[in-house]
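# Reading the structure
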Amino acid sequence: MQEELVHIEPKLPTGDWRDPRVELRKGAICYGAAPKNVSYLGLPNPRAWQPLDSDWKLPPDWKRIILDGMKERLGKYRSFRLFMDICVRCGACADKCHFYLGSADPKNMPVVRAELMRSIYRRYFTLSGRIFGKLAGGRDLTEDVIKEWFYYFYQCTECRRCSVFCPYGIDTAEITMMGRELLNLIGCNTNWVLEPAANCFRTGNHLGIQPHGFKDSIDFAAEEASEITGLDIKVPINRKGAEVLFVMPSADYFGTPHYYTLLGYLMLFREIGLDYTVSAYASEGGNFGLFSSHELMKRLNAKIYDEARRLGVKWILGGECGHMWRVLHQYMDTMNGPADFLDVPVSPVTGTVFANARSTKMVHICEFTADLIHHGKLRLDPRRNDHWNATYHDSCNPARAMGLLEEPRYILKNVCNHFHEMPENTIREQTFCCGSGAGLGTDENLEMRLRGGFPRANAVKYVKEKHGVNLLTCICAIDKATLPTLMEYWVPGVEVAGVHELLGNALVMTGEKERLTDLRGETFVTTAQFASSACEGGHA
Ligand code: SF4
Ligand code: SF4
C-alpha cells in the first residue's frame, strides 16, 4: 500500500478538464450525513444517501436552489465575487496544495479546484458566459458537477497554504467554504462534519458527552494532576463570577495525546492561582460550522459568548485548538462581535494588556503562557523533557489565520533542551497541513488523508533522520488526533504532543512532590542518558 501511495505521477487530464465526471471511490470520500443530524441542525433535504449511490436524491429544484444560493452569496460576500473574477491562471498556486502533491490529481491544484466553481459562475453570472457558454470558460450545471464539487471540495482542508503564494491573495479555502455551503443547501454534506456540530448543540461538545460526563472527565484529570504533583488541584465548573472562562477543544478531555495537554493547563492554572472556570455548556472550542456554512459557524461561536455573559466572567482564555482560532480571529467580530460586555483581557499575573484581543476579548493560551515566561513568572526545568527531541508543526489555522508563529516556539525553547525546526518552506506561513483538517479526519477517507499528509510527514522524516527528532509538537486538536496515524504510517518512531504537555513536564510547581515521571507516566531521563541513547541511534 505504501509503495502505491508514494508512486505519485503527475496525471495529465484526458479530454476537457471541464468534464465533470469523477471516480468516487472508497478511501477518498467521506460518508454522507445521517438524516437525524441534518434534521437536528434544521438543514435542508435530510435523507438516507451515500456518495457512492448513483441517485443522490437531490430535491427536484436543486439547480434553482444552487444558482439562487450562488447569486445570494455573490451579492453578500465581496471576497467571493472578487475571487471568481480576478484569477489570471498564473499557476503560482498549482503545486502548493498537499492534496495535489500527494495525489497528482490535476483537479487538486488550487487553481483548478477554484475553476470548478468559477466555470459555473462564468456560465450563469457573466454576460460573456451567458452568450458564449463554453467558449467563455463556462459550463452547464449538471448533477455530475455537483458530484465533482462534493469530491474536490471535500479534498481541500481549507488550510490556505495556496493563498500564501497567490499574487492576488485569492483564498481558495474561501471558495471551498462557499462550495460546501452551496452543497449544504441541497443536502449534500458529510456526517463527520454534521454529527459533531449537532452534538455541540445537543450536549455541548463534538462527542456528545453530557454535562455529568464532562464533569467526570474534568474531575478525573484534576485528580491525576494532583497525583502527579502531590498538590490539591481542583477545576471549577460553571462557576459564576470567575475572572476568566477557559474554553478548550473537547478532545483535550477525552482523547490522547490531547489529555496530557489538559494536565499541563491545569497545572499551570494552579501554579499561578488563576481565577477561572470551565463550562459544561461551552465545553467545545472547535467549530465544525467553519467546514459547513457561515450560519452554522456563527451559531456555534455564539455559544461561547453566551456562556461568558451568563457566567459574568471578564474575559476568555482559549486552549490549543485550530479552527476555534480561525473562527475567532477571522470571523467572530463580524458575526457576533464586538464582545463589548467583556473587559479587554489583562494578565492577572503580569499586568500585560492583550490589546490584540481588544474586540474579541479572547486570548490564546500560548500568548498567555509566553507572556508569563517572558516576565519570569514560571520556574521551568527543561531537563524534564530531555527524553524528547522535538520539532514543531505550525497548525494551519493558528499559524496562517492568526499569525501565531513565535509564541509556541518561545514556550518550546524554554521548556525543552532539544528542538529542531523542519525545513523552512514547510513551516510558519508555509506550513504543510496535516491533511485531515476541515472535517476530513475520519476513517473512511484514510487513503486521501495519508496522501494529503505526505508532504508534512516528509518534512518530519527529514528532521528525524538529520537530528533524531522523536516528537512532533503542535497546538491543534485535529492535528493531535490525526498526526499520530500519519506518523505511524510514514515516520514510525515519532510521537505527537501539545505544547502545554511539555510545559506541564517542565513546570516546577510550588510545594510539588519530587516528580519521577512525565505527564505520560514515563520515567524522566537525564541529559546524559538522552545523549548516550541518541548516540546509539535510539531514543527513550
Ligand atoms: S496563484 Fe492566484 S492568480 Fe495564480 S492561478 Fe493561483 S489563484 Fe489564480
Ligand atoms: S486551501 Fe489548502 S487544501 Fe485547499 S486548495 Fe489551498 S492548499 Fe489545497
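Computed from a predicted model, the values in this text were never measured in an experiment.

Conventions and cut-offs
Residues numbered from 1 in each chain as written. Chains lettered and ligands numbered in written order. Predicted model: local features only at pLDDT ≥ 70, side-chain atom pairs only at ≥ 80, totals over all residues. Heavy atoms only, no water. Near = heavy atom within 4 Å. Nonpolar A, V, L, I, M, F, W, Y, C, P; charged D, E, K, R; others polar. Helix = DSSP H or I, 4+ residues; strand = E, 2+ residues; numbered from the N terminus. Pairing = 2+ DSSP bridges. Axes fitted to C-alpha atoms, helices over the stretch in contact; angles between N-to-C directions. Contact = heavy atoms within 4.5 Å. Patch = residues over 30% accessible without salt bridge, like charges linked within 9 Å, V, L, I, M, F, W, Y side chains within 5 Å. Areas by Shrake-Rupley, 256 points an atom, 1.4 Å probe, with all protein chains shown as cover. Salt bridge = Lys/Arg side-chain N within 4 Å of Asp/Glu carboxyl O. Buried < 20%, exposed > 50% of the residue type's maximum accessible area, 1.4 Å probe, protein only. Expected span 1.5 Å × (residues − 1). Bend = angle between axes of the 7 residues up to and from the residue. Domains from an automatic or database assignment. Buried area = accessible area lost by both parts, 1.4 Å probe. Polar contact = N/O pair within 3.5 Å; in protein donor to acceptor, adjacent residues only side chain to side chain. Core = buried A, V, L, I, M, F, W, Y, C linked by side-chain atoms within 4.5 Å. Right-handed = clockwise from strand over helix to strand, strands pointing away.

### A few points about the site of ligand 1
- Taken together, Cys-87, Val-88, Arg-89, Cys-90, Gly-91, Ala-92, Cys-93, Val-111, Cys-166, Pro-167, Tyr-168 and Ile-170 form the complete shell of residues around ligand 1.
- The residue inventory of the shell around ligand 1, partitioned by class, reads 10 nonpolar, one polar and one charged.

### Quick notes on unusual backbone geometry
- For the bond running from Thr-256 to Pro-257, omega is 10°, close enough to zero to count as cis.
- Not every positive phi belongs to a glycine, and Asn-238 is a case in point at roughly 55°.
- Here Asn-238 lies in the loop between α12 (211-229) and β1 (244-247).
- Look at Lys-361: it is not a glycine, yet its phi comes out positive at around 65°.

### Comments concerning the sheet that holds strand β7 (residues 495-498)
- One open sheet accounts for three strands, arranged β5-β6-β7; its pairing is parallel. Each end of this open sheet is capped by a strand with a single partner; those strands are β5 (390-392) and β7. On average, each strand axis in the sheet is inclined to that of its neighbour by 35°, with strand direction left out of account.
- Relative to β7, strand β6 (residues 471-474) runs parallel, the two being bridged by four bridges. Pairing of Leu-471 across the sheet is with Glu-495, part of β7.
- In this fold helix α23 (residues 499-506) packs onto β5, β6 and β7, with an angle of close to 75° to the strand it touches most, β7.

### Regarding the sheet that holds strand β2 (residues 276-277)
- Strands sit in the order β2-β1-β3-β4 across an open sheet of four strands; the sheet is parallel. Each edge of the sheet is formed by a strand with only one pairing partner; in this case those strands are β2 and β4 (362-364).
- Where strand β3 (residues 315-318) meets β4, three bridges bridge the pair, whose relative direction is parallel. Residue pairing across strands places Gly-318 opposite His-364, the latter belonging to β4.
- Each of β1, β3 and β4 is contacted by helix α16 (residues 323-336), which is oriented at about 135° to β4, the strand it contacts most.

### Things to note about a nonpolar patch on the surface
- Where nonpolar side chains cluster on the molecular surface, the patch consists of Leu-127, Ile-131, Phe-132 and Leu-135 and spans about 510 Å² of accessible area.
- Here Phe-132 lies in helix α7 (residues 127-132).
- You can call Phe-132 exposed: its relative accessible area is 52%.

### Digging into the site of ligand 2
- Every residue lining ligand 2 is accounted for by Cys-97, His-98, Pro-110, Arg-113, Cys-156, Thr-157, Glu-158, Cys-159, Arg-160, Cys-162 and Thr-172.
- A class-by-class count of the residues in the shell around ligand 2 yields five nonpolar, three polar and three charged.

### A few points about α16
- With 14 residues, α16 should cover 20 Å at 1.5 Å per step; its first-to-last C-alpha distance of 16 Å lies more than 12% under that length.
- Of all bends in α16, the biggest is about 55°, found at Gln-330.
- Those residues of α16 not exposed but buried are His-323, Met-324, Trp-325, Arg-326, Val-327, Leu-328, Tyr-331, Met-332 and Met-335.

### Some points on the environment of Lys-147
- One can find Lys-147 in helix α8 (residues 143-153).
- With a relative accessible area of 14%, Lys-147 lands in the buried category.
- Once the C-alpha coordinates of Lys-147 and Ser-119 are considered, the two residues, 28 residues apart in sequence, prove to be 15 Å apart.
- Ignoring anything within four residues of it in the chain, the contact list for Lys-147 reads Val-22, Leu-24, Asp-53, Ser-54 and Trp-56.

### Observations concerning the domain arrangement of the protein chain
- Partitioning the protein chain into domains gives domain 1 (35-189), domain 2 (200-374) and domain 3 (382-533).
- For domain 1 and domain 2, the distance between their C-alpha centres works out to 33 Å.
- The interface of domain 1 with domain 2 comprises 13 residues on the first partner and 13 residues on the second.
- Around 1100 Å² of area is buried between domain 1 and domain 2 when both sides are counted, 48% of it from carbon and sulfur atoms.
- When the buried surface of domain 1 facing domain 2 is broken down by residue, Tyr-40, Leu-41 and Met-177 rank first, second and third, together holding 40% of it.
- Inspection of the region where domain 1 meets domain 2 yields zero salt bridges.
- Remark: the boundary between domain 1 and domain 2 carries five residue pairs in polar contact (both at pLDDT 80 or more).
- Considering each element in turn, the side of domain 1 that touches domain 2 owes the most residues, seven residues, to helix α10 (residues 172-185).
- For the side of domain 1 that touches domain 2, the per-class residue count stands at seven nonpolar, one polar and five charged.

### Considering the nonpolar core
- Ranked by size, the top nonpolar core spans 97 residues in total, and within it Met-70, Met-117, Leu-141, Ile-146, Trp-149, Cys-188 and Met-487 carry the most contacts.
- In terms of residues, this core owes the most to one element, helix α6 (residues 110-125), which gives nine residues.
- Beyond its immediate stretch of four places on either side in the chain, Trp-149 contacts Ile-66, Leu-116, Met-117, Ile-120, Arg-139, Tyr-154, Leu-182 and Leu-183.
- If you look at the next biggest cluster of nonpolar residues, it comprises 77 residues, including Ala-221, Leu-262, Phe-354 and Met-509.

### So, the pairing of β6
- Burial along β6 is two-sided: the residues Leu-471 and Thr-473 and Leu-472 and Cys-474 are all buried.
- As defined by bridge partners, β5 adjoins β6 across three bridges and the pair is classed as parallel. Bridge pairing in β6 links Tyr-392 to Thr-473.
- Chirality of the crossover, the property in question, places the unit of β6, helix α22 (residues 477-490) and β7 among those that are right-handed.

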